[in-house]
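# Report on the structure
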Amino acid sequence: MTTFATRKIAATCALLGLATVAITAAPKQANAYYPYGYGYGYGYAYAPPLAYYAPPPYYAPRAWIPGHWRYGYWVPGHWS
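The sections below set out a description of the structure shown in this document.

Check the secondary structure of the protein and you find 1 helix and 4 strands. When the elements of the protein are put in sequence order from the N terminus, they spell out α-β-β-β-β. Out of the 80 residues belonging to the protein, those deemed buried represent 2%. Contacts in the protein between residues far apart in sequence, at least 24 positions, make up 0% of those at least 6 positions apart.

As structure tokens, then:
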């Protein structure tokens, strides 16, 4: 084969590979257990997902406490 034909084939393969990656990585709905909604099952039976993980609780912002004396001892600065 000539170098021109080789480069043409390589460019075509690279283009097809990039198109495949783009299609695979395209955003889509993430139903982890059942592709038709919440849970999994067949038309006559329904079961919830195997585990439900609640969102993490709200974490209040932490404040920096400067160094101070407490009960006669020096406490270096720390986060609350």
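We are not done yet, so read on.
Evaluation of the coordinates by the stated rule reveals 2 aromatic pairs. Pairing Trp69 with Trp74 gives two aromatic rings, centres 5.5 Å apart and planes at 70 degrees, and the pair type is edge-to-face. A residue is classified by how much of its surface remains accessible, and Trp69, at 62% relative accessible area, is exposed. According to the relative accessible area criterion, Trp74 is partly exposed, its value standing at 48%.

This brings us to unusual backbone geometry. The phi angle at Tyr71 is positive, at roughly 55 degrees, despite the residue not being glycine. Residue position: Tyr71 is located in the loop between strand 2 (68-70) and strand 3 (73-75).

One turn of the α-helix equals 3.6 residues, which is why residues spaced by three or four share an orientation. Its 23 residues give helix 1 (residues 3-25) an end-to-end C-alpha distance of 33 Å, which sits within 8% of 33 Å, the value for a rise of 1.5 Å per residue. The buried fraction of helix 1 amounts to 0 of the 23 residues, a small share that puts the element mostly on the outside.

About the cut-offs
Residues numbered from 1 in each chain as written. Predicted model: local features only at pLDDT ≥ 70, side-chain atom pairs only at ≥ 80, totals over all residues. Heavy atoms only, no water. Helix = DSSP H or I, 4+ residues; strand = E, 2+ residues; numbered from the N terminus. Buried < 20%, exposed > 50% of the residue type's maximum accessible area, 1.4 Å probe, protein only. Contact = heavy atoms within 4.5 Å. Phe/Tyr/Trp six-rings, centres within 6.5 Å; stacked < 30°, edge-to-face > 60°. Expected span 1.5 Å × (residues − 1).

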